[in-house]
Amino acid sequence: MELPFGIENTVSEAQEPTRVLIVEDEFIIAASLQRSLQKLGYQVAGVVDRADDLDERISTDPPDLILMDIEINGETDGITAARRIRELKDIPVVYISGLREEELLARIPETQPFGFLAKPFTEHELSMALSIAEYKARAERRMRDQEIHIQRLLEHMDQGFCLLDETGRIRYANRKILETLHLDLDQLRSIHPSHFVTGSKKFFSLFDEDKAPRHVPEGFHIDPFTTLIRHDGQEIPCYVIPQFFSDPDTGILQGCFLSIVDIRHFEAKTPADVIE
């Protein structure tokens, strides 16, 4: 079966088959899914007919992927269950549903699903949805691994590095910044960086709450700037190099990476310390 460019069928004889947990309360549909999954080379990790029973199941025997019916038996619906799974185990979830209610469907994106299958669907559509979900899961894991690798490198640098989210709040700060401000990361995340940084109205204007979603204007650019970082009675002169990043298709702001240099560090250097 041909798949879109860049997506490959991950079920092969050279590796363990992907274990898929079915969350479905209609017996006939659940049985049909089992047969189709086995035919496609997947291993069925089990069938659960109540979302309320999922926590214990994924804690003791987590699958690789979950097929989740949205309207499921019990007090918890599939969307709420998927959100909890994302928080607990970060297992990819593909929704299956025959519902069309706009209010219900509007809740789906916030759980960051890896796919959606509208009933009725064919075996080919099921195979495609699972292959895409596995591809997205692998890509997400690679990104997380790269982010961890980069953070480890930044932790050992004698220069401040800070990552802001789309609202201008701090998502990550390396050891140098935390030591300078005598704060841990959780404390720093609770305070908007404009509380520390002075003389940078143009920079923080891009994160104005009234402009959500925030777009990076075409040609918008902020040169590196000097500022004072004030905290706990101290004033630290710094040189800040901002680098915004946005969605290439929509131009919507996704965050900003800041390189922060303590100017006093350079003032303390002698000519012999400088490499020309």
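Just above, that's the structure.
Below you will find a few notes about this structure. Predicted, not measured: the structure shown is a model, and the values here were computed from it.

Analysis parameters
- Residues numbered from 1 in each chain as written.
- Predicted model: local features only at pLDDT ≥ 70, side-chain atom pairs only at ≥ 80, totals over all residues.
- Heavy atoms only, no water.
- Core = buried A, V, L, I, M, F, W, Y, C linked by side-chain atoms within 4.5 Å.
- Buried < 20%, exposed > 50% of the residue type's maximum accessible area, 1.4 Å probe, protein only.
- Contact = heavy atoms within 4.5 Å.
- Helix = DSSP H or I, 4+ residues; strand = E, 2+ residues; numbered from the N terminus.
- Polar contact = N/O pair within 3.5 Å; in protein donor to acceptor, adjacent residues only side chain to side chain.
- 1 Å grid on protein atoms, 1.4 Å probe; cavity = no way out; pocket = protein on both sides within 12 Å on 5 of 7 lines; lining within 4 Å.
- Points joined across faces, edges and corners; volume = space filled by probe spheres on them.
- Nonpolar A, V, L, I, M, F, W, Y, C, P; charged D, E, K, R; others polar.
- Expected span 1.5 Å × (residues − 1).

### What about the nonpolar core?
(1) Moving on: In terms of nonpolar packing, the biggest core is built from 26 residues, with Leu188 and Phe203 touching the most fellow members.
(2) Moving on: The contact partners of Leu188, leaving out residues within four places of it in the chain, are Ile170, Ala173, Ile177, Leu178, Leu181, Leu183 and Phe196.
(3) Moving on: Val48, Ala81, Ala82 and Ile91 belong to the second largest nonpolar core, which has 19 residues in total.

### Notes on the side chain of Ser36
(1) Moving on: Looking at the element boundaries, Ser36 is found in helix α1 (residues 27-39).
(2) Moving on: For Ser36, a relative accessible area of 11% gives the class buried.
(3) Moving on: In terms of polar contacts, Ser36 uses its side chain to reach the side chain of Glu123, at 3.2 Å.
(4) Moving on: With near-sequence residues (within four places) excluded, Ser36 lies in contact with Glu123 and Leu126.

### Focus: the layout of surface pockets
(1) Moving on: Counted as a void, the largest pocket has a volume near 780 Å³.
(2) Moving on: Lining the largest pocket are 19 residues; nearest its centre among them are Met143, Arg144, Glu147, Leu163 and Arg171.
(3) Moving on: Within the residue set of the lining of the largest pocket, elements represented by two or more residues are α5 (123-155), β7 (170-173) and β10 (253-262).
(4) Moving on: With 10 residues, the top contributor of residues to the lining of the largest pocket is α5.
(5) Moving on: Partitioning the lining of the largest pocket into residue classes produces 8 nonpolar, 4 polar and 7 charged.

### Comments concerning α1
(1) Moving on: Under the 1.5 Å per step criterion, the end-to-end length of α1 is 18 Å for 13 residues, consistent within 8% with the ideal 18 Å.
(2) Moving on: Looking only at α1, the buried set comprises Ala30, Ala31, Leu33, Ser36 and Leu37.
(3) Moving on: For α1, the secondary structure elements touched by its buried residues are β1 (19-23), β2 (43-48), β3 (65-69), β4 (93-97) and α5.
(4) Moving on: Of the residues one or two after α1, Gly41 is the one with positive phi, at around 100°.

### Concerning unusual backbone geometry
(1) Moving on: Cis geometry is adopted by the peptide bond preceding Pro120, which originates at Lys119 and carries an omega value of -5°.
(2) Moving on: Counting through the fold element by element, Pro120 comes out in the loop between β5 (115-118) and α5.
(3) Moving on: With a phi angle near 55°, Asp90 is a residue other than glycine that sits in the positive phi range.
(4) Moving on: Within the element layout of this structure, Asp90 appears in the loop between α3 (78-88) and β4.

### Quick word on empty space enclosed by the protein
(1) Moving on: Inspection of the entire model under this criterion finds 1 cavity of 30 Å³ or more.
(2) Moving on: Size it by volume and the largest cavity reaches roughly 50 Å³.
(3) Moving on: Every residue lining the largest cavity is listed: Ala82, Arg86, Ile91, Pro92, Val93, Tyr95, Thr111, Gln112, Pro113 and Phe114.
(4) Moving on: Of all the secondary-structure elements, those providing two or more residues to the lining of the largest cavity are α3 and β4.
(5) Moving on: Here the lining of the largest cavity is built from residues that sort into 7 nonpolar, 2 polar and 1 charged.

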